[in-house]
Each structure stands twice: as structure tokens, then as C-alpha cells.
Amino acid sequence: MSDDQKTYIPSSPLPEARTGILTAFDPGTRTLEAGFRIAQQFRELPVDIVFEKDTSVQLRDGTTVHVDIFRPAGAEQVPVIVAWSPYGKAQGTSASVMGVFGLVGLDNSVVSGLEKFEGPDPAYWCARGYAIANPDIRGVVDSDGDSVLWDRQEGRDCFDVIEWLAEQEWCTGKVGMSGTSYLAVSQWFTAAECLTPGSLASSRKAASSARTRRKTSSPRLMPTR
């Protein structure tokens with residue numbers, strides 16, 4: 001009998017309703033100029049943003065995951081905020097996410113559409129001197145491997161991505177995490193792996209799943225610039 005108590009489910013392409021404008025694999029770096037809109041119904045960007053799409057990051061076991069990075073244009077080093085979840089890093093413009101905004105009475109123009117579902121919006125944070133990193137975790141969309149959800153493996157994987165980000169020439173070496181629901185739960189797993197010295201500066205855990213614990217919140221904590 002195997003000691004492996006995990007259940008593996010093969011990954012499959014995102015359904016059309018959860019596919020966004022930027023879901024297709026298209027590695028490269030481009031600049032999104034101030035005033036850019038990903039689509040007419042979304043907020044325009046207040047500043048120039050460098051967009052590094054589908055950047056490959058190799059984890060400690062050799063698995064490659066892909067990360068979208070949004071950072072302020074210019075030579076100044078900046079801290080970075082990670083949004084870790086299995087939903088697909090480009091779902092901000094998908095029909096399903098836009099529908100959620102409608103259900104709660106919000107117009108899609110309050111966000112840029114570049115954000116992960118339940119994650120921080122690059123339009124807001126880049127204008128305030130932070131970068132945003134949106135990974136597709138292992139087994140999701142074009143990232144390699146099998147997805148492991150709410151598990152110590154996620155903490156290890158996110159730790160590896162954080163350490164990679166901290167070493168980039170545009171980064172100050174300070175990395176934080178933010179997001180609600182699943183994105184908040186993943187911060188607990190990551191923080192556990194960061195008990196040894198590492199680059200995780202802080203995290204904002206808001207509304208962790210009520211199915212696993214009472215809703216938990218903490219002050220908004222971000223790496224200082």
C-alpha cells in the first residue's frame with residue numbers, strides 16, 4: 001500500500017468562461033503605457049508598467065512554472081507582492097470573474113483586468129511603487145507538474161518563487177504576499193516554509209476559508225520600500 005495519501009487529478013485547459021484575454025502562452029517583455037486598457041470596460045493604467053509575461057521559474061525539484069510580472073517602468077528597484085492561487089493568472093478579464101463583480105454590485109471599471117481573481121491590482125500597486133507577481137502554480141494552465149492544493153508542497157513552491165523574485169535586478173529583495181480566500185490560505189503554508197531565513201517580508205491574510213477555519217484577518221502588511 002502506498003504511503004502517498006494525495007489524490008491526483010490530471011490538469012485540463014481552462015473552460016472558456018474562465019479564459020482571459022492574456023491566458024494564451026506568449027512569453028516576452030513589453031511596456032503597457034499610461035492610459036492603456038486591456039478592454040473597454042476596465043480601468044486605464046495610471047502609469048507606464050513593464051509587463052513580463054509567462055516568465056519561467058524553475059522550482060527546487062526541476063518543475064517549471066510561469067509567472068506574469070507587472071512592475072513600474074524605470075530603473076528604480078521595487079518590492080514585489082505575490083498573489084498565489086490555482087485560478088489562472090490571467091482570469092481578470094474572463095466572463096466568470098467579471099460576473100462576480102456584477103453579483104456584488106461593482107462595475108468592472110474599478111479594476112484594470114490585469115489582476116488575478118481575488119488578488120492585488122497592478123494598476124493600483126505599480127502606481128505606488130510596487131511590482132505584482134502572478135504565478136500559475138504547478139499543474140495549472142501552462143505550468144509543469146501536478147497541482148497540489150492546500151498542501152505543504154504549495155508552501156515550498158511559493159518559497160522558491162519568492163526567493164527567485166528577490167534575486168531579480170529590478171527587486172529590492174523584499175517580497176510580500178496579498179489576496180483573499182485561497183490566496184490567504186496559501187500565505188499560511190508559505191510563511192511556515194519561511195521560518196528559516198528568506199525573503200518573505202510580510203503578508204496580508206484576509207478572509208481565509210471559513211470551511212477550514214473561522215475567517216481570519218490581519219492588518220494590511222506590505223514590504224516597505
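The rules behind each value
- Residues numbered from 1 in each chain as written.
- Predicted model: local features only at pLDDT ≥ 70, side-chain atom pairs only at ≥ 80, totals over all residues.
- Heavy atoms only, no water.
- Helix = DSSP H or I, 4+ residues; strand = E, 2+ residues; numbered from the N terminus.
- Buried < 20%, exposed > 50% of the residue type's maximum accessible area, 1.4 Å probe, protein only.
- Contact = heavy atoms within 4.5 Å.
- Areas by Shrake-Rupley, 256 points an atom, 1.4 Å probe, with all protein chains shown as cover.
- Salt bridge = Lys/Arg side-chain N within 4 Å of Asp/Glu carboxyl O.
- 1 Å grid on protein atoms, 1.4 Å probe; cavity = no way out; pocket = protein on both sides within 12 Å on 5 of 7 lines; lining within 4 Å.
- Points joined across faces, edges and corners; volume = space filled by probe spheres on them.
- Nonpolar A, V, L, I, M, F, W, Y, C, P; charged D, E, K, R; others polar.
- Phe/Tyr/Trp six-rings, centres within 6.5 Å; stacked < 30°, edge-to-face > 60°.
- Patch = residues over 30% accessible without salt bridge, like charges linked within 9 Å, V, L, I, M, F, W, Y side chains within 5 Å.
- Pairing = 2+ DSSP bridges.
- pLDDT = per-residue confidence, 0-100.
- Axes fitted to C-alpha atoms, helices over the stretch in contact; angles between N-to-C directions.
- Parallel < 35°, antiparallel > 145°, perpendicular 65-115°, else oblique.
- Core = buried A, V, L, I, M, F, W, Y, C linked by side-chain atoms within 4.5 Å.

1. As for the overall build of the protein
Link 1 in the chain: Looking only at helices and strands, the protein features four helices and seven strands.
Link 2 in the chain: Listing every helix and strand of the protein by position from the N terminus yields β-β-β-β-α-α-β-α-β-α-β.
Link 3 in the chain: A buried classification covers 49% of the 225 residues belonging to the protein.
Link 4 in the chain: Expressed as a percentage of contacts within the protein between residues at least 6 apart in sequence, the contacts between residues at least 24 apart total 66%.
Link 5 in the chain: Element-wise, carbon and sulfur atoms account for 50% of the exposed surface of the protein, whose accessible area totals about 11000 Å².

2. Description of the pattern of salt bridges
Oppositely charged side chains can form a pair if their charged atoms are brought close together.
Link 1 in the chain: Tallying each qualifying case throughout the model produces 11 salt bridges.
Link 2 in the chain: In this structure, R30 and D26 form a salt bridge, with 3.4 Å as the shortest nitrogen-oxygen distance.
Link 3 in the chain: Overall, the relative accessible area of 27% leaves R30 in the partly exposed class.
Link 4 in the chain: Here D157 and R138 are joined by a salt bridge, their closest N and O atoms 2.6 Å apart.

3. Some points on empty space enclosed by the protein
Link 1 in the chain: Summed over the entire model, instances satisfying the criterion amount to one cavity of 30 Å³ or more.
Link 2 in the chain: Within this model, the largest cavity holds a volume of roughly 70 Å³.
Link 3 in the chain: Forming the walls of the largest cavity are 13 residues, and the residues nearest its centre are L22, K89, A90, G113 and L114.
Link 4 in the chain: A breakdown of the residues in the lining of the largest cavity according to their chemical character gives seven nonpolar, three polar and three charged.

4. What about the packing of aromatic side chains?
Link 1 in the chain: Under the counting rule described, the total for this entry stands at five aromatic pairs.
Link 2 in the chain: Aromatic pair Y87 and F117: ring centres 5.6 Å apart, planes at 65°, arrangement edge-to-face. Linking Y87 in the loop between β4 (78–82) and α1 (95–103) with F117 in the loop between α1 and α2 (122–126), this pair joins segments that are 30 residues apart in sequence.
Link 3 in the chain: On the basis of relative accessible area, Y87 is assigned to the partly exposed category, the value being 24%.

5. What about a nonpolar patch on the surface?
Link 1 in the chain: A contiguous nonpolar patch, built from L103, V104, L106 and V110 and spanning about 420 Å² of accessible area, is present on the exposed surface.
Link 2 in the chain: Note on placement: V110 falls in the loop between α1 and α2.

6. Structural notes on the pairing of β4
Link 1 in the chain: Of all five residues making up β4, five are buried, and the element is well covered by its neighbours.
Link 2 in the chain: Note that β4 and strand β5 (residues 131–136) share three bridges and pair parallel. Counterpart to V82 in the pairing with β5 is A133.

7. Some words on the environment of H66
Link 1 in the chain: Residue placement: H66 occurs in strand β3 (residues 64–72).
Link 2 in the chain: Along the primary structure H66 and V140 are separated by 74 residues, whereas in three dimensions their C-alpha atoms are 9.3 Å apart.

8. Digging into the confidence of the model for the protein
Link 1 in the chain: With 81% of its residues at a pLDDT of 70 or more, the protein has an overall mean of 85.
Link 2 in the chain: Taken as a whole, residues 202–221 scores under 50 in pLDDT and shows 48 contacts with residues more than four places along the chain or in a different chain.

9. Focus: unusual backbone geometry
Link 1 in the chain: Although it is not a glycine, E118 sits at a positive phi angle of roughly 70°.
Link 2 in the chain: Mapped onto the elements of the fold, E118 is located in the loop between α1 and α2.
Link 3 in the chain: Residue classification places E118 among the partly exposed residues on the basis of a relative accessible area of 28%.
Link 4 in the chain: The backbone of S181 shows a phi angle near 60°, a positive value even though the residue is not glycine.
Link 5 in the chain: The class of S181 is partly exposed, set by a relative accessible area of 23%.

10. Topic: the packing of helix α3 (residues 152–166) against helix α4 (residues 182–193)
Link 1 in the chain: Close contact between α3 and α4 brings their axes to 8 Å; oriented N to C, the two are set at 80°. In terms of their interaxial angle, α3 and α4 are classed as roughly perpendicular. Contacts between α3 and α4 involve R152, E154, G155, R156, C158, F159 and I162 from the first element and Y182, F189, T190 and E193 from the second.

11. Details of the nonpolar core
Link 1 in the chain: Counting residues in hydrophobic clusters, the biggest one holds 22 residues, and the most contacted among them are V80, V82, W84, V161, L165, W170 and V175.
Link 2 in the chain: Mapped onto this core, the elements with two or more residues apiece are β3, β4, β5, α3 and β6 (171–177).
Link 3 in the chain: When residues of this core are assigned to their parent elements, the largest contribution, five residues, is made by α3.
Link 4 in the chain: Excluding its chain neighbours within four sequence positions, the residues that come into contact with V82 are A133, P135, C158, I162, L165, V175, G176, M177 and S178.
Link 5 in the chain: Counting 16 residues, the second-largest nonpolar core is a separate cluster that includes L32, L45, F70 and V97.

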